[in-house]
Amino acid sequence: MTDDAYLFLVDDPEPPLGAPVTAVGDLACLETPAVRAWFDAHGVTAASPGVRLLPPEETGAVPAGAQKLPVPLSDEELNQLRHALTPPGALARVEEELLAYRDCAGERDALLARATAAGVPQHRIVELTGEDARTVASAAAQGQGPTSAQGPRQR
């Protein structure tokens with residue numbers, strides 16, 4: 001794997017491979033002499049439909065024999081590129097999952113304390129939830145106050 005993204009040319013932009021450069025936004029590398037010379041040598045511009053861009057982790061997908069040029073991108077530019085490659089709707093689905101997780105995780109400590117109070121062994125809570133044993137023990141200890149359903153604490 002390389003640390004550089006790759007500009008490359010495809011004869012037929014269907015099926016879509018990589019992101020069109022114009023979909024990624026302004027990239028500093030497009031103003032470098034090397035990229036401008038590469039565009040000139042192939043008779044294309046950044047707006048040409050056959051000019052595509054892939055991030056470093058996907059450069060193995062560049063078709064064999066394709067004209068390609070490694071280009072360094074900043075972290076922000078890489079994020080823009082990866083976002084441009086995200087299928088429509090996928091980002092929204094992940095955000096929905098994160099919101100659902102937040103809603104469920106907000107009650108985590110109360111749920112762990114209720115499970116302990118109900119008599120579920122802590123090792124079983126760890127198995128069922130995937131939570132760290134210390135987290136479960138901490139939540140269980142917080143739930144063992146004078147109003148706990150477990151009755152008086154033994155010393």
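The rules behind each value
- Sequence positions are assigned chain by chain, starting from 1 and proceeding in written order.
- Only residues with pLDDT of at least 70 are given local features in this predicted model, and only at 80 or more are side-chain atom pairs given and counted; all residues enter the totals for whole chains, interfaces and linings.
- Side-chain numbers here rest on the full set of heavy atoms in the structure, without hydrogens or water.
- Buried means the residue's accessible area, taken with a 1.4 Å probe over protein chains only, is under 20% of the maximum for its type, while exposed means over 50%, and partly exposed covers the values in between.
- In this description a helix means any DSSP run of H or I spanning at least four residues, a strand means any run of E spanning at least two, and both kinds are numbered starting from the N terminus.
- The criterion for strand pairing is that DSSP finds at least two bridges linking the strands in question.
- When charges are counted, neither His nor the chain ends are considered; positive counts come from Lys and Arg and negative counts from Asp and Glu.
- The rule for a salt bridge is simple: a side-chain nitrogen of Lys or Arg has to be within 4 Å of a carboxyl oxygen of Asp or Glu.
- Polar contacts, as used here, are pairs of N or O atoms within 3.5 Å; protein pairs need one atom able to donate a hydrogen and one able to accept it. Residues neighboring in sequence count only if both atoms are side-chain atoms.
- Pairs of residues are marked as contacts when any of their non-hydrogen atoms sit within 4.5 Å.
- The axes used here are C-alpha line fits, helices contributing only the stretch in contact, and every angle between their N-to-C directions lies in the interval 0 to 180 degrees.
- We call Phe, Tyr and Trp rings a pair once their centres come within 6.5 Å, taking the six-membered ring for Trp, and we label the pair stacked below 30 degrees between planes, edge-to-face above 60, and tilted otherwise.
- Only Lys NZ and Arg CZ are tested; either one counts as a charge over a ring when it is within 6 Å of the ring centre and within 35 degrees of the ring normal.

**Topic: the pairing of strand E1 (residues 5-9)**
Link 1 in the chain: Burial analysis of E1 places 5 of its 5 residues in the buried class, which makes it a mostly covered element.
Link 2 in the chain: Across the two faces of E1 the burial is the same, with Ala5, Leu7 and Leu9 and Tyr6 and Phe8 all buried.
Link 3 in the chain: Bridge count for E1 against strand E4 (residues 68-71) is 4 bridges, and the pairing is antiparallel. Within E4, the position partnered with Ala5 by the bridge is Val71.

**Describing the side chain of Glu77**
Link 1 in the chain: Within the secondary structure, Glu77 sits in helix H3 (residues 75-85).
Link 2 in the chain: It turns out Glu77 is buried and unbridged, and the closest side chain with the opposite charge, Arg82, is 11 Å from it.
Link 3 in the chain: Within the local environment of Glu77, its side chain forms a polar contact with the backbone nitrogen of Ala28, the two atoms lying 2.8 Å apart.
Link 4 in the chain: Here Glu77 is in contact with Val24, Asp26, Leu27, Ala28 and Pro72, once residues within four sequence places are set aside.

**Quick word on the sheet that holds strand E3 (residues 51-54)**
Link 1 in the chain: Spatial strand order, E2-E3-E1-E4: 4 strands in an open sheet with antiparallel pairing. Two strands in the sheet have a free side with no partner beyond their single neighbour: strand E2 (19-20) and E4.
Link 2 in the chain: Helix-sheet contacts for helix H2 (residues 33-42) involve E1, E3 and E4, and the interaxial angle to E1 is about 15 degrees.

**Side note on the packing of aromatic side chains**
For any pair of aromatic rings, the description consists of the separation of the ring centres together with the inter-plane angle of the planes.
Link 1 in the chain: With the rule as written, the count across this model stands at 1 aromatic pair.
Link 2 in the chain: Consider the rings of Trp38 and Phe39, whose centres lie 6.0 Å apart with planes at 50 degrees: the pair is tilted. Accessibility classification places Trp38 together with Phe39 in one group, the buried group.
Link 3 in the chain: The lysine or arginine in question, Lys68, covers the ring of Tyr6, its NZ or CZ lying 5.3 Å from the ring centre.

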